[in-house]
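Examining the three-dimensional arrangement
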2 protein chains.
Amino acid sequence: MSTTKVLLVGATGETGGSIANGLLEAGTFEVYALIRPRSVAKPALTALQDRGVKVRQCDMTASEEELLEALKDIDVVISTVGPADQLEQLPLAKAAKKAGVKRFVPCGFIPVTPPGGVMWLRDQVSRDRVTFPGDCRTKEIVYNHIKQLWLPYTIIDVGWWYQFSYPRLASGKIDYAMTMSNDEIIGDGNTPSALTDLRDIGHYVAKIISDERTLNKMVFAYDVVLTQNEIYDMLEKISGEQIERKHVSAEEILDRVASARASSETYPYDPAKYVPRYIAEYQLSWGIRGDNKPEYAKYLGYLTSKELYPDFKPSNFEDYLKHVFSGSAKGIYTDRIKRFE
Amino acid sequence: MSTTKVLLVGATGETGGSIANGLLEAGTFEVYALIRPRSVAKPALTALQDRGVKVRQCDMTASEEELLEALKDIDVVISTVGPADQLEQLPLAKAAKKAGVKRFVPCGFIPVTPPGGVMWLRDQVSRDRVTFPGDCRTKEIVYNHIKQLWLPYTIIDVGWWYQFSYPRLASGKIDYAMTMSNDEIIGDGNTPSALTDLRDIGHYVAKIISDERTLNKMVFAYDVVLTQNEIYDMLEKISGEQIERKHVSAEEILDRVASARASSETYPYDPAKYVPRYIAEYQLSWGIRGDNKPEYAKYLGYLTSKELYPDFKPSNFEDYLKHVFSGSAKGIYTDRIKRFE
């Protein structure tokens, strides 16, 4: 049997990078990166090429003929595109159906949240218009498009990243690995929420795309379920520092969501408007509603990584925190943060 | 163990009537009909009461307190509301969650079609506004609402009704049992499409709501899969008459869909505009796209009645046609047809 040929979209991003690594480590895949012509010189790409990743140059907005050329002989497509680029997957999915792709993994890769407007990142329907520009962020339109094509698919969602999960220490000792300050506890801090080490995403993806049981299904790939209080306790124990517990009430989160929604709809392209909306809606979904947990995922129809792969040893969260405290963890989104500076 | 208490919404309609009958025949349910105060004198309701159905008077638009009263001690809610009343289920579902209802069956009961705008009856999103009045028809909003409530549910869809499936005979012999003329063959007439005898819907529902395997799942309950040519052949054989085969091309159907969509969006409350849209979109979905078949249902995540209940003997389609030809079948929607005359 020949190796499975995987075309990865977004290989130089955080999620895409984890997936590229997971596929390469597994050793049973031929990995192709779909790269925009203007991005072929990225250092992150060169590093992947050094490890054997082949490049197919093509814009997501290219003609169907060009997309078909980029999809030639590909068995599996995995897409990790930016929040604002979700709808760019529509022509790719159509071409993938034509090309006979055996499995299309659209860009899910977010925590569990129900469809229908809880989170913009999942399937925002704006308050008064479908053609609202921000609607290009809706994953649900992509999922429905795939289903209408009768294209074999797997939707993979993941826990909140380990890398985003811990609060700052007053000593500043772990500031080097902080992407955001995380200094708020939502509600009483006892809502369980699933977590996934960003570095494990690729490990799960390598298993999932080789597994017939996951075809035309949603899969929730998570490492562990913890509450915020448990995370704070753990980091206090590791660091010997006390961390202030700044509680934010459900009412306050709902107020933030309402005002972030209003201003992001007025300025849909302004990250200063939509990033606060993402954050507020995440807090609403996992912190207040309690969506991001395996029981709810199963209710929504997901298979879970724990049930599919009981023998897989995920990254241990406490070990990860120790690693962060030791000073040797890797910060994430560092390129993006620089860009906004 | 006490009998299961079922509250049925729309018990005097065609689908609701089949369900009421199926539940009563099964003998293991206590059946309650949710009835608008203004409809308590309907003869169809009296007939159900004679068979043991109890009435709970309440408007779907009543206060939550009144809805909770109507839902008192109810185990299962089954909703069959009119196409334009889908969103009336939203407060009912919310109250059902509060009341601890163990299973909510929202109004599905249509043939298989994917979400995302193929059919208005399924989940129309209008071309330019979500708040378009016709959007009250969207089942998908109801389904998402249920999921956001984490309310136990089962969505049940069914094949195209036997009662709508056969063409007219030139002799006029079966005109008495025709609801619409059905004198068109979509495309080449060889697209397989699932059929369900309206009278079997209740038989399936009685099984499905007693079945743990169907909790939080979609179920496709169909009797048989046939093409239009097979139906015409069968009726020709039974009647001894030749039936003209008037083919309508895919292009013609697409044109009809486009123009029916445009005019129904201008006049969303006018049945003369939206009924042609339903018909054109059905023809698109089952006739051209070929959506209404078990293989596609399974791809979309449905369980099927054939796999769940292999021993169930559905109504035989050929026998049903003989019954129609013999002159003793019952016409459907006769009250509605009279109303439009």
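Residues numbered from 1 in each chain as written. Chains lettered and ligands numbered in written order. Predicted model: local features only at pLDDT ≥ 70, side-chain atom pairs only at ≥ 80, totals over all residues. Heavy atoms only, no water.

Overview of the sheet that holds strand S13 (residues 302-304) of chain B
Residues and elements named next belong to chain B. As a reminder of what qualifies: Here the rule is simple: two strands pair whenever DSSP picks up at least two bridges between them. For the purposes of this entry, the term helix denotes a DSSP run of H or I that reaches at least four residues, the term strand denotes a run of E that reaches at least two, and both are numbered from the N terminus. Each axis is a line fitted through C-alpha atoms, taken for helices only over the stretch in contact, and angles between the N-to-C directions span 0 to 180 degrees. Residues are treated as being in contact if the distance between any of their heavy atoms lies within 4.5 Å.
Taken in spatial order, the 3 strands line up as S6-S10-S13 in an open sheet, and their pairing is parallel. Both outer strands of the open sheet, strand S6 (154-158) and S13, are each paired with one neighbouring strand and no more. If you compare each strand with its neighbour and ignore which way they point, the axes differ by 30° on average. In the sheet, S6 pairs with strand S10 (residues 217-221) via 5 bridges, with the strands oriented parallel. Along S10, the bridge assignment pairs Ile155 with Met218. Here helix H7 (residues 198-208) sits on the sheet and contacts S6 and S10; the angle it forms with S6, its principal contact strand, is near 155°.

Brief notes about the packing of helix H9 (residues 250-266) of chain A against helix H10 (residues 271-289) of chain A
Residues and elements named next belong to chain A. Put simply, the rule is: For any pair of crossing helices, the crossing counts as left-handed if the nearer helix is rotated counterclockwise from the farther one by less than a right angle, and right-handed if it is rotated clockwise. Classification used: nonpolar for Ala, Val, Leu, Ile, Met, Phe, Trp, Tyr, Cys and Pro, charged for Asp, Glu, Lys and Arg, polar for all others including Gly.
Running from amino to carboxyl end, H9 crosses H10 at an angle of 145°, the nearest separation of the two axes being 8 Å. Here H9 runs over H10; the crossing is left-handed. Residues Ala250, Ile253, Leu254, Arg256, Val257, Ala260, Arg261, Ser263, Ser264 and Glu265 of H9 pack against Lys273, Tyr274, Pro276, Arg277, Ala280, Glu281, Gln283, Leu284 and Ile288 of H10. Of the residues contributing to the contact of H9 with H10, the split by class is 10 nonpolar, 3 polar and 6 charged.

A closer look at the environment of B:Tyr222
All names here are of chain B. Its place among the elements puts Tyr222 in the loop between S10 and strand S11 (224-226). For the pair formed by Tyr222 and Trp161, sequence separation is 61 residues and the distance between their alpha carbons is 9.3 Å. Not counting residues up to four positions away in its chain, the partners in contact with Tyr222 are Gly159, Ala194, Leu195, Thr196, Tyr204, Pro294, Thr304, Ser305 and Lys306.

Looking at the packing of helix H4 (residues 89-99) of chain B against helix H6 (residues 139-149) of chain B
Residue and element names in this part refer to chain B. The test is simple: Throughout, the term roughly parallel applies to angles under 35 degrees, roughly antiparallel to angles over 145, roughly perpendicular to angles from 65 to 115, and oblique to all others.
It is at 10 Å that the axes of H4 and H6 come closest, and there the two elements cross at 20°. Overall, the two elements H4 and H6 adopt an arrangement that is roughly parallel. Between H4 and H6 lies a crossing of right-handed hand. Of H6, the residues touching H4 (which contributes Gln89, Leu90, Ala93, Lys94 and Lys97) are Ile141, Val142, His145, Ile146 and Leu149. Considering only residue class, the contact of H4 with H6 consists of 6 nonpolar, 2 polar and 2 charged.

Examining helix H1 (residues 14-26) of chain A
Along an α-helix, residues three or four apart share an orientation, since each turn contains 3.6 residues. All names here are of chain A. Rules: What a helix should span is 1.5 Å times the count of its residues minus one. Working definition: with a 1.4 Å probe on protein chains only, accessible area under 20% of the residue-type maximum means buried, over 50% means exposed, and in between means partly exposed.
With 13 residues, H1 should reach 18 Å at 1.5 Å per residue; the first-to-last C-alpha distance of 19 Å fits that figure. Among the residues of H1, Glu14, Thr15, Gly16, Ser18, Ile19, Ala20, Gly22, Leu23 and Leu24 are the ones counted as buried. At its buried positions, H1 is contacted by strand S1 (4-9), strand S2 (29-35), helix H2 (43-50), strand S4 (76-79), strand S7 (160-161) and helix H7 (198-208). Of the residues trailing H1, Gly27 is marked for its positive phi of about 80°.

Some words on the confidence of the model for chain A
Residues and elements named next belong to chain A. Cut-off, in case you're wondering: Each residue carries a pLDDT value, the predictor's own confidence for that position, ranging from 0 to 100.
On average, residues of chain A score 90 in pLDDT, and 93% of them reach the 70 mark or higher. Below a pLDDT of 50 lies the segment residues 125-136, which in the model reaches 40 contacts outside its immediate sequence neighbourhood of four places, other chains included. With pLDDT under 50 throughout, residues 336-341 is counted as low confidence; its partners more than four residues away or in other chains account for 3 contacts. On the interface metric, ipTM, the complex scores 0.88, and its pTM is 0.91.

Some remarks on the sheet that holds strand S9 (residues 193-196) of chain B
Residue and element names in this part refer to chain B. Spatial strand order, S7-S9-S11: 3 strands in an open sheet with mixed pairing. Each of the sheet's edge strands pairs with one partner strand only, and the pair in question is strand S7 (160-161) and S11. Note: S7 against S9, 2 bridges, orientation parallel. Its bridge partner lying in S9, Trp160 is registered against Leu195. Helix H8 (residues 228-239) contacts S9 and S11 of the sheet and is inclined by roughly 95° relative to S11.

Describing the pairing of strand S9 (residues 193-196) of chain A
All names here are of chain A. Side chains Ser193 and Leu195 project from S9 onto one buried face, and the interleaved Ala194 and Thr196 project onto a second face that is buried too. Where S9 lies against strand S11 (residues 224-226), 3 bridges are found, and the strand directions are antiparallel. By the bridge assignment for S11, Ser193 is matched with Leu226.

Things to note about helix H1 (residues 14-26) of chain B
Considered for burial, the residues of H1(B) that qualify are B:Glu14, B:Thr15, B:Gly16, B:Ser18, B:Ile19, B:Ala20, B:Gly22 and B:Leu23. Those residues of H1(B) that are buried are in contact with strand S1 (4-9), strand S2 (29-35), helix H2 (43-50), strand S4 (76-79), S7 and H7 of chain B.

Remarks on the environment of A:Val142
Residue and element names in this part refer to chain A. Tracing the sequence through the fold places Val142 in helix H6 (residues 139-149). C-alpha separation for the pair Val142 and Lys5, spaced 137 residues apart in sequence, amounts to 23 Å. Look past the residues within four positions of Val142 in its chain and what remains in contact with it is Gln86, Leu87, Gln89, Leu90 and Pro106.

Details of the nonpolar core
How we decide: Take the buried residues of types Ala, Val, Leu, Ile, Met, Phe, Trp, Tyr and Cys, join any two whose side-chain atoms come within 4.5 Å, and each joined set is a nonpolar core.
Residues A:Ile78, A:Phe109, A:Tyr166, B:Ile78, B:Phe109 and B:Tyr166 are the most contacted members of the largest nonpolar core, which totals 216 residues. Apart from the residues lying within four places of it in its own chain, the contact partners of A:Phe109 are A:Thr15, A:Ile19, A:Ile78, A:Ser79, A:Thr80, A:Ile156, A:Asp157, A:Val158, A:Ile201 and A:Val205.

With respect to unusual backbone geometry
Trans peptide bonds make up most of the peptide bonds, and negative phi angles are found at most residues other than glycine. Residue and element names in this part refer to chain B. Positioned with a positive phi, Asp73 is a non-glycine residue whose angle comes to about 65°. Structurally, Asp73 is set in the loop between helix H3 (64-70) and S4. Assessed through its relative accessible area of 54%, Asp73 is described here as exposed. Within the chain, Phe109 stands out as a residue other than glycine whose phi angle is a positive 60°. Along the polypeptide, Phe109 turns up in the loop between strand S5 (103-105) and helix H5 (120-123). Its relative accessible area of 7% is what places Phe109 among the buried residues.

With respect to the side chain of A:Lys293
In plain terms, the rule: When charges are counted, Lys and Arg contribute as positive and Asp and Glu as negative, whereas His and the chain ends are disregarded. Each reported salt bridge corresponds to a side-chain nitrogen of Lys or Arg within 4 Å of a carboxyl oxygen of Asp or Glu.
Following the sequence through the fold, A:Lys293 ends up in the loop between H10 and helix H11 (294-299). No salt bridge is formed by the buried A:Lys293. Its closest oppositely charged neighbour is A:Glu295, at 5.8 Å.

Here we look at the packing of aromatic side chains
Quick note on the threshold: Pairing of aromatic side chains requires ring centres within 6.5 Å, counting the rings of Phe and Tyr and the six-membered ring of Trp. Pairs whose planes differ by under 30 degrees are stacked, by over 60 edge-to-face, and all others tilted.
Per the counting criterion, the structure on display carries 28 aromatic pairs over all chains. Ring geometry for A:Phe220 and A:Tyr302: centres 6.2 Å apart, planes at 65°, overall edge-to-face. Of this pair, A:Phe220 sits in strand S10 (residues 217-221) while A:Tyr302 sits in strand S13 (residues 302-304), and the two are 82 residues apart along the sequence. In this structure A:Tyr302 comes out as buried when scored by relative accessible area, which is 4%. Centre to centre, the rings of B:Trp161 and B:Phe164 are 5.3 Å apart; their planes meet at 10°, and the pair counts as stacked. With a relative accessible area of 8%, B:Trp161 lands in the buried category.

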